[in-house]
Amino acid sequence: MRNLTEATSLLSELWFDDAWTGLREDSPYKTHTDGSVHYTTEAQELYNHIENQVEEILIGYFAEEKSDA
């Protein structure tokens, strides 16, 4: 399960960066007064959507691999 989580996170970040730069010119990040950096609300919603899709794809892929074994 840890590998699925790591793979989902890495792929989501890559796809998010590509999708965001393809759609927007502004930064997806917001810097807070304490110096912390987070996604803007809109960016977080896009990231969550991508992450859900990536997880579904990977779960389907791993299920097919397991059934073929």
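Figured I'd write up the structure that's included with this text. Given the structure is predicted, the values throughout are model-derived calculations rather than measurements. (Residues numbered from 1 in each chain as written. Predicted model: local features only at pLDDT ≥ 70, side-chain atom pairs only at ≥ 80, totals over all residues. Heavy atoms only, no water.)

## Focus on the pattern of salt bridges
Going through the model one piece at a time under the given rule, you end up with two salt bridges. For the salt bridge of Asp26 with Arg24, the shortest nitrogen-to-oxygen distance reads 2.8 Å. Between Arg24 and Glu42 there is a salt bridge, and its shortest N-O distance comes to 2.4 Å. Note that Arg24 is positioned in the loop between α1 (2-23) and β1 (29-31) and Glu42 in helix α2 (residues 41-68), a separation of 18 residues in sequence. You can call Arg24 partly exposed: its relative accessible area is 28%. Three or more residues joined by partner-sharing salt bridges are found here, namely Arg24, Asp26 and Glu42. (Salt bridge = Lys/Arg side-chain N within 4 Å of Asp/Glu carboxyl O. Helix = DSSP H or I, 4+ residues; strand = E, 2+ residues; numbered from the N terminus. Buried < 20%, exposed > 50% of the residue type's maximum accessible area, 1.4 Å probe, protein only.)

## Considerations on the packing of aromatic side chains
A full pass over the atoms with the stated rule returns five aromatic pairs. Each ring, one from Phe16 and one from Tyr39, has its centre 4.8 Å from the other, and the planes form 55 degrees; the classification is tilted. On the criterion of sequence distance, the pair formed by Phe16 in helix α1 and Tyr39 in strand β2 (residues 37-39) is long-range, its members being 23 residues apart. With a centroid separation of 5.9 Å and 70 degrees between ring planes, the pair formed by Phe16 and Tyr47 is classed as edge-to-face. (Phe/Tyr/Trp six-rings, centres within 6.5 Å; stacked < 30°, edge-to-face > 60°.)

## A few points about the nonpolar core
Leu4, Phe16, Trp20, Ala43, Leu46, Tyr47, Ile50, Val54 and Leu58 form the largest nonpolar core, which has nine residues in total. Of all the elements, α2 adds the most residues to this core, at six residues. Not counting chain neighbours up to four residues away, the residues in contact with Val54 comprise Thr8, Leu11, Ser12 and Trp15. (Core = buried A, V, L, I, M, F, W, Y, C linked by side-chain atoms within 4.5 Å. Contact = heavy atoms within 4.5 Å.)

## Overview of the environment of Thr21
With respect to the helices and strands, the residue Thr21 is situated in helix α1. Among the residues examined, Thr21 registers a relative accessible area of 58% and is labelled exposed. As a C-alpha pair, Thr21 and Glu42 span 21 residues in sequence and 13 Å in three-dimensional space. Engagement of the side chain of Thr21 in a polar contact is seen with the backbone oxygen of Asp17, the distance being 2.9 Å. (Polar contact = N/O pair within 3.5 Å; in protein donor to acceptor, adjacent residues only side chain to side chain.)

## Here's the deal with the environment of Thr40
You can see Thr40 is positioned in the loop between β2 and α2. On the accessibility criterion, Thr40 (22% relative accessible area) is partly exposed. On a C-alpha basis, the gap between Thr40 and Lys30 in space is 5.6 Å, while along the polypeptide they are ten residues apart. If we ignore the near neighbours within four places in the chain, the residues touching Thr40 are Trp20, Ser27, Pro28, Tyr29 and Lys30.

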